[in-house]
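Breakdown of the fold
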Amino acid sequence: MTFRNAALGVALSPLASFANAQTITKVVIDSQAGSMAISGSGFNSTNTVTLSGLPALTKTSTSSTQIVAALPAVPAGDYLLTVKGSKSATWNLTFGAVG
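Scope of this entry: the structure provided in the associated data block. (Residues numbered from 1 in each chain as written. Predicted model: local features only at pLDDT ≥ 70, side-chain atom pairs only at ≥ 80, totals over all residues. Heavy atoms only, no water.)

The next point concerns unusual backbone geometry. Note on backbone geometry: most residues besides glycine have negative phi, and most peptide bonds are trans. Non-glycine residue Ser52 carries a positive phi angle of around 45°. Turning to its location among the elements, Ser52 is positioned in the loop between strand 5 (48–51) and strand 6 (59–62). Ser52 sits in the partly exposed class, given a relative accessible area of 40%. (Helix = DSSP H or I, 4+ residues; strand = E, 2+ residues; numbered from the N terminus. Buried < 20%, exposed > 50% of the residue type's maximum accessible area, 1.4 Å probe, protein only.)

If you want it as structure tokens, here you go:
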């Protein structure tokens, strides 16, 4: 869809990145397998996955609705999971016994 303004002689199109923005709907931790499954939408192979500023996690598989990443060895605590692409999606995670 394109919007035209004849008076200004310009055409404006909606940003395509809105349709491709990442969303996270669920995160499942499999501590025995050492992985986390991140479910949502808008994912692709160029997305990076980070945990509270740690180096990017290793992805073992990626589809448009799920990323599986290696679970890093981290101390118990609260972490911010980020899937970054054209936009970023975040999810709060708590590992281990806290408090």
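This part is about the packing of aromatic side chains. Applying the stated criterion across every chain yields a total of one aromatic pair. Taken together, a centroid distance of 5.5 Å and an interplanar angle of 65° make the contact between Tyr79 and Phe95 edge-to-face. Here the residue Tyr79 occupies a position in strand 8 (residues 77–84), and Phe95 occupies one in strand 9 (residues 88–95), the gap between them amounting to 16 residues. The class of Tyr79 is buried, set by a relative accessible area of 13%. (Phe/Tyr/Trp six-rings, centres within 6.5 Å; stacked < 30°, edge-to-face > 60°.)

Within the secondary structure, Gly34 is located in the loop between strand 3 (23–30) and strand 4 (35–41). Using a relative accessible area of 25% as the deciding quantity, one classes Gly34 as partly exposed. C-alpha separation for the pair Gly34 and Ala69, spaced 35 residues apart in sequence, amounts to 8.7 Å. When neighbours within four sequence positions are excluded, Gly34 is seen to be in contact with Ala69, Ala70 and Leu71. (Contact = heavy atoms within 4.5 Å.)

A few words on the sheet that holds strand 7 (residues 66–70). The four strands are arranged 3-4-7-6 in an open sheet whose pairing can be described as antiparallel. Two strands bound the open sheet, and with one partner strand each, they are strand 3 and strand 6. Between one strand and the next, the sheet's axes are offset by a mean angle of 15°, whatever the strand orientation. (Pairing = 2+ DSSP bridges. Axes fitted to C-alpha atoms, helices over the stretch in contact; angles between N-to-C directions.)

Moving on: the pairing of strand 4. Among the seven residues in strand 4, six count as buried, and that is most of the element. In terms of strand pairing, strand 3 meets strand 4 through seven bridges, oriented antiparallel. If you follow Thr23 over to strand 4, its bridge partner there is Ser41. Hairpin connection of strand 3 to strand 4: four residues between the antiparallel strands, including Gly34 at a positive phi of 70°.

A few words on the sheet that holds strand 9. Taken together, the three strands give an open sheet; going across it, the order is 5-8-9, and neighbouring strands pair in antiparallel fashion. Each having just a single partner strand, strand 5 and strand 9 make up the two edges of the open sheet. Between one strand axis and the next, the sheet turns by 20° as a mean value, whatever way the strands run. Pairing analysis gives eight bridges linking strand 8 to strand 9, with the strands arranged antiparallel.

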